[in-house]
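A closer look at the structure
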Amino acid sequence: MVMFKLGVIGGGAMGAALIGGVIRNGLISADKIGLVEVDQPRGQALQSNLGIQLFSSVASMAAECQTIILAIKPIQLFAILTELGTQLCEKHLVISIAAGVPLAAMENSLPQARIVRVMPNTPARIGKGVSAYCLGQRASGTDAEKVEAIFGCVGKVLRVSEDKLDAVTAVSGSGPAYVYYFIDALINAGVYLGLPRKDAAVLATETVLGAAELLKNSGEHPRQLMNEVTSPGGTTAAALFEFEKAGFAGLVMQAAIAAAERSREIGKGIR
Ligand SMILES: NC(=O)c1ccc[n+]([C@@H]2O[C@H](COP(=O)([O-])OP(=O)(O)OC[C@H]3O[C@@H](n4cnc5c(N)ncnc54)[C@H](OP(=O)(O)O)[C@@H]3O)[C@@H](O)[C@H]2O)c1
């Protein structure tokens, strides 16, 4: 258990996942975690379910918490930075998970604070996320350790340079949605072929989960594992031929490139 007080602004999908993970892993006790949340019923539910403290303003949070996570939408971020600007000093570490918003823009708004940018993903809700972070100019090695400890509670953590964060957003930040899209399509294929939807859902989900675990545990290349399933003249070869004809790999790459481009646009304030 560490002895710093953690403030979180925004208790939505990611904020709640982070708070839950940090408490579950015993990194910080619930009474040392504070939340500012504009959606009052949501804030109160998190307070009563997790035993955290609710702050009524970012100013009151900043007075008590020297480590603050910004878990609000990019569009909501600059109003919060303006509010925080006068409240923070060099003792504050601010960790932003907002997609696209560059360190320099936040460092301009918060000229005193140390800033770190992190891109997590939603499997953080069950401790199976993956996050990549980059340090701002004023952030230190100790800040990096703190970020790794916090985000390590909800999955794996990598350090990257900031110019890679749009790519990270495109691969792992948005990535869970691509995987759900694929699973949904596979379930529908099963239903089309006559399987009850419930059975198709179990078969498709467990297949994706098992294939990912095998890939991770074996250390083999995806192509090698594909070849293992693909016998000459067989069923998988027939299916993979359809993927090839439809340009599936190119489509996945185009989709990720579009996500990275959108991340860059958000960083430039383009709505
Ligand atoms: N979800 C993802 O897959 C994912 C992955 C990586 C990074 N991120 C980043 O994580 C951040 C949060 O995303 P999310 O999906 O958790 O969003 P979310 O579910 O919308 O959560 C944001 C929460 O903050 C509240 N809020 C808005 N303005 C506020 C303010 N001024 N003070 C306090 N609370 C405020 C929102 O309330 P209202 O709903 O009433 O506005 C909402 O409850 C975003 O910047 C996003 O780019 C998300």
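Residues numbered from 1 in each chain as written. Predicted model: local features only at pLDDT ≥ 70, side-chain atom pairs only at ≥ 80, totals over all residues. Heavy atoms only, no water.

As annotated in an unreviewed UniProt entry, the chain is Pyrroline-5-carboxylate reductase from Hydrogenispora ethanolica. Per UniProt, the chain has the following entry under Pathway (unreviewed entry): "Amino-acid biosynthesis; L-proline biosynthesis; L-proline from L-glutamate 5-semialdehyde: step 1/1." Looking at the Sequence similarities (unreviewed entry) heading of the UniProt record, one finds this comment for the chain: "Belongs to the pyrroline-5-carboxylate reductase family." (UniProt positions renumbered as here; feature names shortened; annotations may be inferred.)

Ordered in space as E3-E2-E1-E4-E5-E6-E7-E8, the 8 strands form an open sheet in which the pairing is mixed. With partners counted over all chains shown, the strands left at the sheet margins are strand E3 (53-54) and strand E8 (155-159), one partner each. Pairing between strand E6 (residues 114-119) and strand E7 (residues 129-135): 4 bridges, direction antiparallel. Bridge assignment links Arg117 to a residue of E7, and that residue is Cys134. Set on the sheet, helix H6 (residues 141-152) makes contact with strand E1 (6-9), strand E4 (67-70), strand E5 (93-96), E6, E7 and E8; between it and E8 the angle comes to about 155°. (Pairing = 2+ DSSP bridges. Helix = DSSP H or I, 4+ residues; strand = E, 2+ residues; numbered from the N terminus. Contact = heavy atoms within 4.5 Å. Axes fitted to C-alpha atoms, helices over the stretch in contact; angles between N-to-C directions.)

Moving on to the pairing of E8. Summarising the sheet, E7 and E8 pair through 5 bridges and their orientation is parallel. Counterpart to Ser131 in the pairing with E8 is Val157. A crossover links E7 with its parallel partner E8, the connecting element being H6, and its sense is right-handed. (Right-handed = clockwise from strand over helix to strand, strands pointing away.)

What follows concerns the environment of Glu244. Looking at the secondary structure, you find Glu244 in helix H11 (residues 235-245). Through-space distance from the C-alpha of Glu244 to that of Gly194 is 25 Å; in sequence the pair is 50 residues apart.

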